[in-house]
Amino acid sequence: MIPRLAAAPSPSVRVRAPGKVNLALRVGPVGDDGYHPLATIFQAVSLFEEVTATQVAPGSGISLTVSGPQADSVPTDETNLAWRAAGLLAERTGLAADVRLHITKGVPVAGGMAGGSADAAAALVACDALWEAGMPRPELVEMAAELGADVPFSLLGHTAVGTGRGDLLTPAMTRGEFHWCFATQREGLSTPTVFRRFDELAGPSTPRVAPTDDTELMHALRAGDAVALGKALHNDLEAPALDLRPELAEVMEVASESGALGVIVSGSGPTVAALGRSRQHALALGAAWTAADVVDAVWCAMGPAPGTQIVTSLSR
């Protein structure tokens, strides 16, 4: 009897993309286009989303599955940013949108840390490699911006200044490593709701452009000075997030009392980011949050982290 040969595995590409924290986020009033002008400083952190793109039979279309923490909170249809990324790439290249996507979660869901944006960036790179589309990097960045304001930074990673809607990026020089602990909540905060509350709290006297003076913060990054960085953290969306979720103030207080160098609401929240003196101190901040029973989960990470990159590729 001739043994049956095992079927060769389908070609696949696995790609990793980082989550982020906004070291500074300055917001101008909503414009006629419905968007707020932003001036922000992103830092990628070592919490990663992984997207595996696998070849399927022609005509199969796009399918998507998710695993990892909070996977049941992630949509698995065309509303998912990774699904949309695959569809957009197929449209732009004229290729068939046939792929099986699997997301392995490593960034908190609905926590202001751009986990969905990381999925989109990873899906773009994974499908481009799987389909051998050969899209130039500038065109991938352009498509990333169409998918969402944070998606281009997920491609770039490291540390960068973002303007416009946050999608116009300039890399920022940094030295050394910074150690973070993030406190997450089971119940998320709607980004549009936070921006609407920002408009209500700011009133008509808000400057017409987002201020961009974060000189001290940039000096701290270039010097690798965590103490100075902690003092310079800033988020214009912190006040509306705290107004909508007053209990976050206690989360911030626990971290401050535990010696955090700086504490800030991450993006539109409800995640709270605390900067530690070291990896050990970041772990201690997480332990303090857990002991105080003010968080649903804690995540420790280092920044800056690299941008989207291919981890493994099983070719034809």
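Residues numbered from 1 in each chain as written. Predicted model: local features only at pLDDT ≥ 70, side-chain atom pairs only at ≥ 80, totals over all residues. Heavy atoms only, no water.

A word on the UniProt feature "binding site: ATP" (unreviewed entry) in the protein chain. The UniProt feature table records "binding site: ATP" (unreviewed entry) at Pro108, Val109, Ala110, Gly111, Gly112, Met113, Ala114, Gly115, Gly116, Ser117 and Ala118. Within the element layout of this structure, methionine 113 appears in the loop between strand S4 (99–104) and helix H2 (115–130). Residue methionine 113 is classed as buried on the basis of its relative accessible area of 0%. When near neighbours in sequence (up to four residues on either side) are disregarded, methionine 113 contacts Gly19, Lys20, Val45, Leu47, Val107, Pro108, Phe182, Ser266 and Thr271. Mapped onto the secondary structure, serine 117 falls in helix H2. (UniProt positions renumbered as here; feature names shortened; annotations may be inferred. Helix = DSSP H or I, 4+ residues; strand = E, 2+ residues; numbered from the N terminus. Buried < 20%, exposed > 50% of the residue type's maximum accessible area, 1.4 Å probe, protein only. Contact = heavy atoms within 4.5 Å.)

Okay, the nonpolar core next. Counting residues in hydrophobic clusters, the biggest one holds 39 residues, and the most contacted among them are Leu89, Val99, Leu101, Leu124, Cys127, Trp131 and Leu147. Elements that contribute at least two residues to this core include exactly strand S1 (12–27), strand S2 (38–54), strand S3 (62–67), helix H1 (81–93), S4, H2, helix H3 (137–147) and helix H4 (151–156). Per-element accounting of this core gives the leading share, ten residues, to H2. Excluding residues that lie within four positions of it along the chain, valine 99 makes contacts with Ala53, Thr54, Val56, Gly61, Ile62, Ser63, Ala86, Cys127, Leu130 and Trp131. Formed by 27 residues, the second largest nonpolar core is a distinct cluster that contains Val27, Phe195, Ala274 and Ala282. (Core = buried A, V, L, I, M, F, W, Y, C linked by side-chain atoms within 4.5 Å.)

What follows concerns the packing of H1 against H2. Two elements in contact, H1 and H2, have axes separated by 7 Å at closest approach and are oriented at 35 degrees. Remark: the crossing between H1 and H2 carries right-handed chirality. Residues Leu81, Ala82, Ala85, Ala86 and Leu89 of H1 form the contact with H2, whose participating residues are Gly116, Ser117, Asp119, Ala120, Ala123, Leu124, Cys127 and Asp128. (Axes fitted to C-alpha atoms, helices over the stretch in contact; angles between N-to-C directions. Left-handed = near helix turned anticlockwise from the far one by under 90°.)

The next point concerns the UniProt feature "active site" (unreviewed entry) in the protein chain. Taking the numbering used here, the UniProt-annotated feature "active site" (unreviewed entry) corresponds to Lys20 and Asp150. A maximum C-alpha distance of 9.1 Å among these annotated residues, which run over 131 residues, shows that they cluster at one spot. Look past the residues within four positions of lysine 20 in its chain and what remains in contact with it is Phe42, Gln43, Ala44, Val45, Gly112, Met113, Ala114, Asp150, Phe153, Ser266 and Gly267. Here the side chain of lysine 20 touches asparagine 22 through a polar contact of 2.3 Å, side chain to side chain. Within the element layout of this structure, aspartate 150 appears in the loop between H3 and H4. Apart from residues no more than four positions distant in its own chain, aspartate 150 is found in contact with Lys20, Phe42, Ala114 and Ser117. (Polar contact = N/O pair within 3.5 Å; in protein donor to acceptor, adjacent residues only side chain to side chain.)

What follows is about the environment of leucine 23. Of note, leucine 23 is situated in strand S1. Sequence separation of leucine 23 and methionine 218 is 195 residues, and the distance between their C-alpha atoms is 10.0 Å.

This paragraph deals with the packing of aromatic side chains. Two aromatic rings, taken as a pair, are described by how far apart their centres are and by the angle between their planes. What the rule picks out here adds up to two aromatic pairs. Centroid distance tryptophan 180 to phenylalanine 182: 6.2 Å. Interplanar angle 15 degrees. Geometry classified as stacked. Classification of tryptophan 180 by relative accessible area gives buried; the value is 0%. The ring of phenylalanine 48 is capped by arginine 16, whose NZ or CZ atom sits 5.5 Å from the centre of that ring. Geometry around tyrosine 35 places arginine 165 over its ring, the cationic atom sitting 3.6 Å from the centre. (Phe/Tyr/Trp six-rings, centres within 6.5 Å; stacked < 30°, edge-to-face > 60°. Lys NZ or Arg CZ within 6 Å of the ring centre and 35° of its normal.)

Structurally, cysteine 300 is set in strand S11 (residues 297–303). With 203 residues separating them along the chain, cysteine 300 and alanine 97 place their C-alpha atoms 37 Å apart. Other than its neighbours up to four places away in sequence, cysteine 300 contacts Leu47, Trp180, Cys181, Ala282 and Leu283.

Along the chain, glycine 269 connects to proline 270 via a cis peptide bond; the corresponding omega equals 5 degrees. By the element assignment, proline 270 lies in the loop between strand S9 (262–265) and strand S10 (272–276). Positive phi, close to 65 degrees, is recorded for alanine 114, a residue that is not glycine. Notably, histidine 158 is not glycine yet its phi reads approximately 60 degrees, a positive angle. The residue histidine 158 is located in the loop between H4 and strand S5 (159–164) in this model.

With that settled, the discussion passes to the sheet that holds S10. With antiparallel pairing, four strands are arranged side by side in an open sheet as S9-S10-S7-S11. Unpaired on one side and paired on the other, S9 and S11 mark the two borders of the sheet. Neighbour to neighbour, the strand axes of the sheet diverge by 25 degrees on average, direction disregarded. The strands that helix H9 (residues 248–257) touches are strand S7 (178–184), S9 and S10; relative to S9, the one it contacts most, it runs at about 165 degrees. (Pairing = 2+ DSSP bridges.)

Among the 16 residues of S1, 14 are classified as buried, and the element is accordingly described as predominantly covered. Two elements, S1 and S2, share 15 bridges in a ladder whose sense is antiparallel. Each residue of the ladder has a partner; that of lysine 20, found in S2, is alanine 44. The pairing of S1 with strand S12 (residues 309–314) spans five bridges and is antiparallel. Within the sheet, the bridge partner assigned to arginine 16 lies in S12 and is glutamine 309. Judged from the two bridges that link them, S1 and strand S8 (residues 234–235) form a sheet pairing that is parallel. In the sheet register, leucine 25 faces S8, and the bridge partner there is asparagine 235.

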